[in-house]
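# Per-entry structural report
These are the residues of each chain, in order.
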There are 2 protein chains.
Amino acid sequence: MKRKITLKQIAKELDVSISTVSKALRNSAEISEDTKQKVQAFAKLYNYRPNNIALSLKNRKTNTIGIIIPEIVHHFFSKVIQGVETVANKRGYNVIIGLSNESFSKEVINMEMLANGSIDGFILSISKETLLMQDYHHFNETMSQGMPIVMFDRVANEIQCDKVIVDDFKSAKKAVTKLIENGCKSIAIITTKDYINVGRLRTQGYLEALENNKMPLTSSLILKIDDSLDMEHNLAALENEIEQLFKDNKTIDGVFAVNELYALSAMKVARKLNIKIPEDLQVIGFTDGVLSKHSTPSLTTVSQHGKLMGEKAAELLIDKLEDQTETEEETFSTVVIETELVERETTI
Amino acid sequence: MKRKITLKQIAKELDVSISTVSKALRNSAEISEDTKQKVQAFAKLYNYRPNNIALSLKNRKTNTIGIIIPEIVHHFFSKVIQGVETVANKRGYNVIIGLSNESFSKEVINMEMLANGSIDGFILSISKETLLMQDYHHFNETMSQGMPIVMFDRVANEIQCDKVIVDDFKSAKKAVTKLIENGCKSIAIITTKDYINVGRLRTQGYLEALENNKMPLTSSLILKIDDSLDMEHNLAALENEIEQLFKDNKTIDGVFAVNELYALSAMKVARKLNIKIPEDLQVIGFTDGVLSKHSTPSLTTVSQHGKLMGEKAAELLIDKLEDQTETEEETFSTVVIETELVERETTI
DNA sequence: TTTTAACACGAAAACGTTTTCGGTGGTTTG
DNA sequence: CAAACCACCGAAAACGTTTTCGTGTTAAAA
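Residues numbered from 1 in each chain as written. Chains lettered and ligands numbered in written order. Predicted model: local features only at pLDDT ≥ 70, side-chain atom pairs only at ≥ 80, totals over all residues. Heavy atoms only, no water.

### A closer look at the overall build of chain A
- Across its full length, chain A carries 14 helices and 12 strands.
- Taking 348 residues into account, the globule formula puts the C-alpha radius of gyration at 20 Å, and chain A, at 26 Å, lies well above it.
- If one aligns the C-alpha atoms of chain A with their principal axes, the spans along those axes are about 90 × 40 × 30 Å.
- Relative to its full complement of 348 residues, chain A shows a buried share of 54%.
- Taking the intrachain contacts of chain A between residues at least 6 apart in sequence as the baseline, contacts between residues at least 24 apart amount to 73%.
- If you sum the accessible surface of chain A, you get close to 15900 Å²; carbon and sulfur atoms cover 49% of it.
- For chain A, the separation between the mean place of its 42 positive charges and that of its 49 negative charges on side chains is 6 Å. (Helix = DSSP H or I, 4+ residues; strand = E, 2+ residues; numbered from the N terminus. Rg over C-alpha atoms; globule rule 2.2 N^0.38 Å. Buried < 20%, exposed > 50% of the residue type's maximum accessible area, 1.4 Å probe, protein only. Contact = heavy atoms within 4.5 Å. Areas by Shrake-Rupley, 256 points an atom, 1.4 Å probe, with all protein chains shown as cover. Lys, Arg positive; Asp, Glu negative; His and termini not counted. Charge placed at Lys NZ, Arg CZ, Asp CG, Glu CD.)

### Focus on the protein's contact with DNA strand C
- The immediate surroundings of DNA strand C are formed by 28 residues, with Lys 58 of chain A together with Thr 20, Lys 23, Glu 30 and Thr 35 of chain B found nearest.
- Atoms of DNA strand C within 4 Å of the protein: sugar and phosphate make up 58%, bases the balance.
- Between DNA strand C and Arg 26 of chain A there is a distance of 3.4 Å, counted from a phosphate oxygen to a side-chain nitrogen or oxygen.
- Of all the secondary-structure elements, those providing two or more residues to the surface near DNA strand C are helix 1 (7-14), helix 2 (18-25) and helix 4 (52-59) of chain A together with helix 2 (18-25) and helix 4 (52-59) of chain B.
- At four residues, helix 2 of chain A tops the list of elements feeding residues into the surface near DNA strand C.
- A per-class count over the surface near DNA strand C returns nine nonpolar, nine polar and 10 charged. (Near = heavy atom within 4 Å. Polar contact = N/O pair within 3.5 Å; in protein donor to acceptor, adjacent residues only side chain to side chain. Nonpolar A, V, L, I, M, F, W, Y, C, P; charged D, E, K, R; others polar.)

### Observations concerning the protein's contact with DNA strand D
- The environment of DNA strand D is formed by 28 residues, the closest being Thr 20, Lys 23, Glu 30 and Thr 35 of chain A together with Lys 58 of chain B.
- Sugar plus phosphate, as a fraction of atoms of DNA strand D within 4 Å of the protein: 56%.
- Within the side chain of Arg 26 of chain B, an N or O atom sits 3.5 Å from a phosphate oxygen of DNA strand D.
- Contributions of two or more residues to the surface near DNA strand D are made by helix 2 and helix 4 of chain A together with helix 1 (7-14), helix 2 and helix 4 of chain B.
- For the surface near DNA strand D, the leading source of residues is helix 2 of chain B, giving four residues.
- Of the residues that constitute the surface near DNA strand D, the class distribution is nine nonpolar, nine polar and 10 charged.

### As for the interface of chain A and chain B
- Across the boundary between the two partners, chain A contributes 54 residues, which contact 53 residues of chain B.
- Both sides together, the interface formed by chain A and chain B hides about 4900 Å², and carbon and sulfur atoms give 56% of it.
- Applying the counting rule to chain A against chain B returns two salt bridges.
- Note that Glu 85 of chain A is salt-bridged to Lys 106 of chain B, the shortest N-O span being 3.8 Å.
- Linking chain A with chain B are 13 residue pairs in polar contact (both at pLDDT 80 or more), by the criterion used here. (Buried area = accessible area lost by both parts, 1.4 Å probe. Salt bridge = Lys/Arg side-chain N within 4 Å of Asp/Glu carboxyl O.)

### Structural notes on the environment of Lys 193 of chain B
Residue and element names in this part refer to chain B.
- As for its position among the elements, Lys 193 is in the loop between strand 6 (187-192) and helix 10 (197-212).
- A relative accessible area of 33% places Lys 193 in the partly exposed class.
- For the pair Lys 193 and His 138, spaced 55 residues apart in the sequence, the C-alpha separation amounts to 24 Å.
- If we ignore the near neighbours within four places in the chain, the residues touching Lys 193 are Lys 224, Ile 225 and Asp 226.

### With respect to the environment of Gly 183 of chain B
- Within the secondary structure layout, Gly 183 of chain B lies in the loop between helix 9 (168-181) and strand 6.
- The spacing of Gly 183 of chain B and Lys 106 of chain B is 77 residues in sequence and 46 Å in space, taken between C-alpha atoms.

### Brief notes about the sheet that holds strand 9 (residues 282-286) of chain B
Residues and elements named next belong to chain B.
- Strands sit in the order 7-6-8-9-10-12 across an open sheet of six strands; the sheet is mixed. Among the strands making up the open sheet, the edge pair consists of strand 7 (222-225) and strand 12 (340-342). Averaged over neighbouring strand pairs, the angle between their axes works out to 15° when direction is ignored.
- Two elements, strand 6 and strand 8 (residues 254-257), share four bridges in a ladder whose sense is parallel. Looking at the pairing, Ile 187 lines up with Gly 254 of strand 8.
- Contacts between helix 11 (residues 235-248) and the sheet are confined to strand 6, strand 7 and strand 8, with strand 7 contributing the most and set at about 170° to the helix. (Pairing = 2+ DSSP bridges. Axes fitted to C-alpha atoms, helices over the stretch in contact; angles between N-to-C directions.)

### Focus: the domain arrangement of chain A
- As far as domains go, chain A holds domain 1 (7-50), domain 2 (62-165 + 307-337) and domain 3 (168-304).
- Each of domain 1 of chain A and domain 3 of chain A has a C-alpha centre, and these two points are 65 Å apart. (Domains from an automatic or database assignment.)

### What to know about the nonpolar core
- Grouped together as the largest cluster of nonpolar side chains are 88 residues, with contacts concentrated most on Ile 190, Val 255 and Phe 256 of chain A together with Ile 190, Val 255 and Phe 256 of chain B.
- Those residues in contact with Ile 190 of chain B, other than ones at most four positions away along the chain, are Leu 223, Ile 225, Ile 242, Leu 245, Val 255, Phe 256, Ala 257, Val 258, Tyr 262 and Ala 266 of chain B.
- Counting residues in each nonpolar core, the second largest holds 60 residues, with Val 164 of chain A together with Ile 81, Ala 313 and Ile 318 of chain B among its members. (Core = buried A, V, L, I, M, F, W, Y, C linked by side-chain atoms within 4.5 Å.)

Here it is as structure tokens:
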């Protein structure tokens, strides 16, 4: 087992100084052609690669991006990571991940862990618990230490930083309007509690769409799910709630769900109640994942373009990291990614 | 913007030496109670945290695990990452990810990138292209430099390292046997080309199950898909092939598919051809993902326990990293994770 | 009073780089 | 022949730690 070779060892072998080796390898004009050749040949032979850690320490720059997400087994977040990874690699950065599991404390711990020199900046989506508690001190602290943050999707308006979001309000409005245009007269929404801001915004979009089209707002048609617990493991409860919704409102002919799972559950319940999709009931979901594409019937959804969000977030972060200008007034931008209504089989 | 505080700054402020500060913070007996109190209070006030990079350089240990996977937008791999992350964090390690996108060169580049000091060891699943080319020099090189590797799922038998796999052969056999017990007389398999070893093994399991039950082996019932291209974006081609299979073999009453997507495509084609599931056709897939759970009818699958694989892989790697004993003969273990046949609605 | 030991602390090396600043020795110039 | 110059190379500092070893001070023992 041969350890990785260092400058020092090369210097010793060739009987020159460490500085000479370093310069020779970087093709400095200070070094004669002869020595350069000699050193470079030797380095190539022993497959020399500079040690990243030493470089990081010297340069006070790790060329690594930290990404903190609530969970990874989730199509949207996977897509975002994919996007981040793509541009990060292209621009010479690595990606290190931390999972908060929707927990405030894990989010804090993970950030502290990475902030101590391991990374140059963060890309993150806020955990549910943090949103609920509205405790954002850790974000401010990291930023005050000169470590930039880019938030995506689940952001906090109170925090001044770069953000990448979709226009949840407009997108929801567009989706519901689509249902109205398709002839739906009684449209229900299955959404989250209001502390999840994306859920709240989507609900508002729903309301505005109804209002703009002079349709009545019926509070019993608004089902707010408490998903503080992991719904993946609580499907039965979810389906019961939805079934009750359908039974209480027999006229429902359209459903807008703020995520894939809610939409699929609605479809499942509808099937159970012998409601035909899309003839008797049209459904639109949010977040374009694998489920929508492969469900039967395949689900019409508002696609968020997760990969694009990741790419954009990475661009923003790296731009900031590599921006040399020492301006006093820091400026932050919020990029809005356009959503797309992907029409499949659950709408006419 | 205040930079992170260092030992040197604390030392300067308190008018003691750097060594004293370091020792005081680590509660060394060399330092008087007075100075300890003073230093610790000051450090707490300024929220001192040791710089990870400096520690890594000093200790020649990064406490970071590198994980290289072919793609991340994939339920199984996400699960594995989740597993790795869980035990890594528990044992004080970070996780850094690299995506090969099923490409040999990206796999090599990514590994070289990380191997230069950024991480202590690898957990990886081999890319399709690498498997096809059978060029494993980069694995041997990294290991010869003292960096341990743990492979999972898609492994190379030629390489001596720790491995975490499922018994693809046995699992496939079990699944097909199940179909036979359920009364299927003509069972087709939808699998990959043989260079993907997991595909090959599953095919062998299929064959053995038939043989053991004295059932005829019909070559036309074996459909080997060339998925060198990304099938997610080539669904139509896949479905055509499957449709042809059904049309050529009208007697088919059972399908074993080596992954979720193949299984779902088979179900889709069956629906198109008005074949009832599970009455006329029973289907079993491999890899327990979200699709299986939420499809209609929900798919009976062989679950691989991705998270468990990740956990096990991380345990193996960290154990090796922290094993102090300087044994000459290195020993490698291969852990086989038991699969589980999750029976849902596509089987009787 | 002198020797010894305990105590408290600091200097310096090491991890692997890059870079600045000074040297050599030789050659050209006035 | 001295001065200036150039081409080439090395010493050392710096990044932020930890740790070994040495040293000075003080109190206890001889």
